[in-house]
Amino acid sequence: MDYNIGRSITDYMKENKIRQVMLARMINYDPGNLCRLLKKNNIDLDMVVKISVALKFNFLCEVSCQLTEEIVKSEPDGFNLDNVKSR
């Protein structure tokens, strides 16, 4: 799956005019470290949750939707989404 969570968060912040320093304050995180974090393809789940809560946007839902699309693409014709399991 080719999904860049850091880019997704950065794009959301640009669209909503939220500066990195503002987010860093909201999540009590060093601005320099946040800048480096957002350049990564993969971000720790706890941090994604913290950022999602701070920005009031569910980035995990975006990942889930992307994952579902990947599952559907990888299955033979006639794949039924009802068979996709989650806990």
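Above this text you will find the structure in question.
In what follows, the accompanying structure is described. All values reported here derive from a predicted model rather than from experimental measurement. (Residues numbered from 1 in each chain as written. Predicted model: local features only at pLDDT ≥ 70, side-chain atom pairs only at ≥ 80, totals over all residues. Heavy atoms only, no water.)

A few points about helix H4 (residues 45–55)
One full turn of an α-helix is made of 3.6 residues, so residues set three or four places apart face in the same direction. Put simply, the rule is: Summary of the burial criterion: residues with accessible area below 20% of their type's maximum are buried, those above 50% are exposed, and those between are partly exposed, where the area comes from a 1.4 Å probe applied to protein chains only. The way it works is that DSSP assigns letters per residue, a run of H or I at least four long becomes a helix, a run of E at least two long becomes a strand, and they are numbered from the N terminus. Each direction from the helix axis to a C-beta atom contributes to the arc, which is the arc of those directions. Contacts: residue pairs with any heavy atoms within 4.5 Å of one another. Polar contact is defined as a pair of N or O atoms within 3.5 Å, subject to the rule that within protein one atom must be able to donate a hydrogen and the other to accept it, and that residues adjacent in sequence are counted only when both atoms are side-chain atoms.
What H4 keeps buried is the set Met47, Val48, Ile51, Ser52, Ala54 and Leu55. In a view along the axis of H4, the buried residues occupy a sector of 165°, so they form one face of it. Away from its buried face by more than 90 degrees, H4 exposes Leu45, Asp46 and Val53. Buried residues along H4 sit in contact with helix H1 (5–15), helix H2 (20–26), helix H3 (31–38) and helix H5 (59–74). Between a side-chain oxygen at the N-terminus of H4 and the backbone nitrogen of Asp46 the separation is 3.2 Å; the capping residue is Asp44. Downstream of H4 by a residue or two, Lys56 has a phi angle that is positive, lying close to 55°.

Describing the packing of aromatic side chains
As a reminder, the rule being used: Between the rings of Phe, Tyr and Trp (Trp by its six-membered ring), a pair exists once the centres lie within 6.5 Å; its type follows the angle of the planes, with under 30 degrees stacked, over 60 edge-to-face, and the other angles tilted.
According to the stated counting rule, one finds three aromatic pairs in the structure shown. Clustering of aromatic rings is evident, with ring pairs tying together Tyr12, Phe57 and Phe59.

Observations regarding H3
Among the residues making up H3, those that are buried are Leu34, Leu37 and Leu38. For H3, the angular spread of buried residues about the axis comes to 90°, placing them on one side. If you check the start of H3, you find a side-chain oxygen 3.1 Å away from the backbone N of Gly32, and it comes from Asp30.

Function cannot be inferred from these measures alone, as they are strictly geometric.
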